[in-house]
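The chain contents come next:
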Amino acid sequence: MSLAIVRTVRDLRNRVDVWRRAGRTIGVVPTMGALHAGHISLVETALARTDHVIVTLFVNPKQFNNPADLAAYPRTEADDAAKLSPLGVDVLFAPDGEEMYGTGFSTSVSVSGVSEGLCGAHRPGHFDGVATVVTKLLLQSGADFAFFGEKDFQQLQVVRRLVSDLNIPVEIIGCPTVREEDGLALSSRNVRLSAEERGIAPRLAKILFTAAERLEAGGPVEAILEASRRALSDAGFDTVEYLELRDSETLRPVERLDRPARLLAAAWLGATRLIDNVPVGAQGILQSGGIT
Ligand code: AMP
């Protein structure tokens, strides 16, 4: 079946109803477009796991706290559709702003706890915007499974929380971060990096992986975090917003590596903000009862 580009919730629901009546399972992959191999890996996972796949494309103004970032965000719908079509995706749901937030729209979904700190502290309103649009996309599509990247790890935890709290009947599947060969996590914003910045960018992942190894080897948490922040500045990042070790589920700060944790960072290169995160907490450490 060829890819259908759908603009309205009514059209989307009509198609989903047909699949439902036939007893088929449905997967949704929410995106803001400018699709790269990271998005495609989510789509492939969805295709392998469900009978019908909906990819959504909506550059959600509510989650941009910075108007310049929203204006500069790449918009490449025709290319995106061309990438999805041969894969066997059923629907590209690409509504406009009016369809998503029509006249009188007044509701906001706000998740406390996991959305606080990290990106939440540096991007006011961002996670309310994410939570609101994701709630709408899940309810609009009625999907059984929704696929999100670990690249945006805090977002993944916010989505898991809202789905659980609001009893939305969907299973959230987290998918691993896809990286360039030099380690840089793929992102739609990478196209904005100058050649010089592109040379510096992979240091973010390298510094995180090195810190994770040192933490897993039992090094002192705060000293390693501080050295890693300094390493980012020394590598040429202009502002280091945060580099933190957090519980991988609650995202509460971790001072002692006695449970699965995540090392997360955000830093600016010129006008581009990069984020990345890596898991910390080898099985051996956990089995041996943790490290002080
Ligand atoms: P975005 O279009 O940036 O909103 O991302 C849409 C989805 O793709 C989100 O669930 C992201 O976490 C995921 N994603 C973005 N970049 C990557 C990547 N490099 N690897 C895996 N998933 C990603």
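Attention now moves to the domain arrangement of the chain. Along its sequence, the chain is organised into domain 1 (4-175) and domain 2 (188-287). One C-alpha centre belongs to domain 1, the other to domain 2; they are set 26 Å apart. Tallying the contact residues gives 20 residues for domain 1 and 16 residues for domain 2. Summed over both partners, the interface of domain 1 with domain 2 comes to about 1,700 Å²; 55% of that surface belongs to carbon and sulfur atoms. At the boundary of domain 1 with domain 2, the tally comes to 3 salt bridges. Note that Asp69 and Arg189 form a salt bridge whose closest N and O atoms lie 3.0 Å from each other. The tally of links from domain 1 across to domain 2 stands at 7 residue pairs in polar contact (both at pLDDT 80 or more). Mapped by element, the contributors of at least two residues to the side of domain 1 that touches domain 2 are helix 3 (67-72), helix 6 (119-122) and helix 8 (153-165). For the side of domain 1 that touches domain 2, the leading source of residues is helix 8, giving 3 residues.

This part is about the side chain of Arg262. Along the chain, Arg262 turns up in strand 8 (residues 261-269). Exposure remark for Arg262: the relative accessible area of 8% places this residue in the buried category. Side chain to side chain, Arg262 and Glu150 meet in a polar contact 3.3 Å long. Apart from the residues lying within four places of it in its own chain, the contact partners of Arg262 are Glu150, Phe153, Glu244, Leu245, Arg246, Ser248, Asn277, Val278, Pro279 and Val280.

All right, on to the sheet that holds strand 1 (residues 4-6) then. With parallel pairing, 6 strands are arranged side by side in an open sheet as 1-4-3-2-5-6. One side of each edge strand has no neighbouring strand; the edge strands of this open sheet are strand 1 and strand 6 (171-175). Ignoring strand direction, the axes of neighbouring strands in this sheet form an average angle of 25 degrees. Across the face of the sheet, helix 8 comes into contact with strand 5 (145-149) and strand 6 while running at roughly 170 degrees to strand 6.

What follows covers the packing of aromatic side chains. Following the criterion strictly, the structure yields 3 aromatic pairs and no others. Between the aromatic rings of Phe58 and Tyr101, the centroid separation amounts to 5.9 Å while the plane-to-plane angle is 55 degrees, which identifies the pairing as tilted. Highlighted residues: Phe58 in the loop between strand 3 (52-57) and helix 3 and Tyr101 in the loop between helix 5 (97-100) and helix 6, separated in sequence by 43 residues. Phe58 gets classed as buried once you look at its relative accessible area, which sits at 7%. Under the relative-accessibility criterion, Tyr101 is labelled buried at 13%. Each ring, one from Phe64 and one from Tyr73, has its centre 5.5 Å from the other, and the planes form 80 degrees; the classification is edge-to-face. Side by side, Phe64 and Tyr73 carry an identical accessibility label, which is buried. Connected via pairs of aromatic rings, a cluster forms that spans Phe58, Tyr101 and Phe105.

Cut-offs applied
- Residues numbered from 1 in each chain as written.
- Predicted model: local features only at pLDDT ≥ 70, side-chain atom pairs only at ≥ 80, totals over all residues.
- Heavy atoms only, no water.
- Domains from an automatic or database assignment.
- Contact = heavy atoms within 4.5 Å.
- Buried area = accessible area lost by both parts, 1.4 Å probe.
- Salt bridge = Lys/Arg side-chain N within 4 Å of Asp/Glu carboxyl O.
- Polar contact = N/O pair within 3.5 Å; in protein donor to acceptor, adjacent residues only side chain to side chain.
- Helix = DSSP H or I, 4+ residues; strand = E, 2+ residues; numbered from the N terminus.
- Buried < 20%, exposed > 50% of the residue type's maximum accessible area, 1.4 Å probe, protein only.
- Pairing = 2+ DSSP bridges.
- Axes fitted to C-alpha atoms, helices over the stretch in contact; angles between N-to-C directions.
- Phe/Tyr/Trp six-rings, centres within 6.5 Å; stacked < 30°, edge-to-face > 60°.

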